[in-house]
Amino acid sequence: MAGTTAKLLALCKQFEAAGIGYDQSQRDSWHDAKYTKIIKNKEADCSSATLGLVKMAGYPIDLSGQHNTSNAAQLLKAAGWKIVSYTGKSQCKAGRVFITPGHHMNIATSTTQMYNVGIDERGKASGGKAGDQTGKESRYEGFFNYPWRYVAIPPDEGKAAAKPKPSASRPAAKKPTTMKAPKFPLDKGQVFGPANGGDDCISGKVAREDYTLTQIHGWIKQWQQRMKDRGWGEMKVTGVYDATTAKIVGQFEAEKKIPDSKTSKGAWDKLIGPNVWKAAWEEPVT
């Protein structure tokens, strides 16, 4: 996970909502061991909160050893942050971290505001009750000049969000345009249909006296491929009139209101006769 200022600022809001208090002796009780969640009504100090939220936001900061205001600048620099000397309020910008080694540090949340983890409910550094007892142990407040010594600038500042990479998959095929259908290949009265459909049904499962199996497979494949190109993704180009083909023929007949292949009375017979064959090429794709 790459760190971003947006994630850091969102975590500041979660931190405030969790009612975290101030306590140096219990400074790391506010998060779990892997810095993946904030634990409500626990304790932090300024450095554990600031550096911990930076890590939780996805920046690769190493907090396995000592981490406090004294070495915060070095840890942030090693994580890719730019460290500059503090010159004034104009440096306050959302996501930046202000540091005075050995004393204090804060996260700027806007050009005029900071998130400050300051002192416990008794005005002391440790020993108070867990959680924010006053609403002021950790809080948003206006920018203040501590005075600060360093400003740490996040590596993503000023960088636009990365554009998603184009999908590696092939782009969707364009819908085929209508065109003149090839001539229906069977003799009058014959249709492509299931093997148990009678003498007039050519299924592709057995050869016929007047057609070779190779011819039948080629014709059925031709129609199946045309339907697949039209967008009927379930269609498999097998050269055999199977259950899937029958299902799609019926749906296609209903969609295009194609009459029964034999009677022309409007029943959906799920057979590929001249009408269904022609429509596969000449009816508009919808």
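The following refers to the structure shown. A quick note: this is a predicted structure, and the numbers were derived from the prediction, not measured.

**Structural notes on the packing of aromatic side chains**
Next up, step 1: This structure, assessed with the given rule, holds 15 aromatic pairs.
Next up, step 2: Seen from their ring centres, Trp 277 and Trp 281 are 5.2 Å apart, and the 40 degrees between their planes marks the pair as tilted. Of this pair, Trp 277 and Trp 281 are both found in helix α6 (residues 274-282), four residues apart, which corresponds to roughly one turn of the helix.
Next up, step 3: Since its relative accessible area comes to 1%, Trp 277 is described here as buried.
Next up, step 4: Taken together, the ring pairs connect Tyr 86, Phe 98, Phe 143, Phe 144, Tyr 146 and Trp 148 into an aromatic cluster.

**Observations regarding α6**
Next up, step 1: For α6, the set of buried residues is Val 276, Trp 277, Ala 279, Ala 280 and Trp 281.
Next up, step 2: On the buried face of α6, the contacting elements are β9 (191-192), α4 (213-230) and α5 (243-256).

**Some details on the packing of helix α1 (residues 5-17) against helix α2 (residues 46-56)**
Next up, step 1: With their axes 9 Å apart at the nearest point, α1 and α2 run at an angle of 125 degrees to one another. In this view, α1 runs oblique relative to α2, as classed from their interaxial angle. Both α1 and α2 take part in a crossing whose hand is right-handed. On α2, the residues touching Leu 8, Leu 11, Cys 12 and Phe 15 of α1 are Ala 49, Leu 53, Val 54 and Met 56.
Next up, step 2: Of the residues that constitute the contact of α1 with α2, the class distribution is eight nonpolar, no polar and no charged.

**Brief notes about the sheet that holds strand β3 (residues 82-85)**
Next up, step 1: Spatially, the six strands line up as an open sheet ordered β3-β8-β4-β5-β6-β7, and their pairing is antiparallel. Both outer strands of the open sheet, β3 and β7 (138-142), are each paired with one neighbouring strand and no more. Mean inter-strand twist for the sheet, computed between neighbouring axes without regard to direction, equals 30 degrees.
Next up, step 2: Direction of pairing for strand β4 (residues 97-100) relative to strand β8 (residues 150-153): antiparallel, over a ladder of three bridges. Each bridged residue has a counterpart across the sheet, and for Ile 99 the counterpart in β8 is Tyr 150.
Next up, step 3: Along the sheet, α1 contacts β5 (104-108), β6 (113-117) and β7; its crossing angle with β7, the most-contacted strand, is approximately 120 degrees.
Next up, step 4: Of the strands in this sheet, β4, β5 and β6 touch α2, which is tilted by about 40 degrees from β5.

**A few points about the pattern of salt bridges**
Next up, step 1: All told, the structure shown has nine salt bridges when counted by the stated rule.
Next up, step 2: Among the ionic pairs, Asp 45 bridges to Arg 27, the shortest N-O distance being 2.9 Å. With Asp 45 in the loop between β2 (43-44) and α2 and Arg 27 in the loop between β1 (21-22) and β2, this residue pair connects regions lying 18 residues apart in the sequence. For the pair formed by Asp 45 and Arg 27, the shared burial category is buried.
Next up, step 3: When salt bridges with common partners are traced through the structure, they connect Arg 27, Asp 28 and Asp 45 into a single cluster.

Definitions and limits used
Residues numbered from 1 in each chain as written. Predicted model: local features only at pLDDT ≥ 70, side-chain atom pairs only at ≥ 80, totals over all residues. Heavy atoms only, no water. Phe/Tyr/Trp six-rings, centres within 6.5 Å; stacked < 30°, edge-to-face > 60°. Helix = DSSP H or I, 4+ residues; strand = E, 2+ residues; numbered from the N terminus. Buried < 20%, exposed > 50% of the residue type's maximum accessible area, 1.4 Å probe, protein only. Contact = heavy atoms within 4.5 Å. Axes fitted to C-alpha atoms, helices over the stretch in contact; angles between N-to-C directions. Parallel < 35°, antiparallel > 145°, perpendicular 65-115°, else oblique. Left-handed = near helix turned anticlockwise from the far one by under 90°. Nonpolar A, V, L, I, M, F, W, Y, C, P; charged D, E, K, R; others polar. Pairing = 2+ DSSP bridges. Salt bridge = Lys/Arg side-chain N within 4 Å of Asp/Glu carboxyl O.

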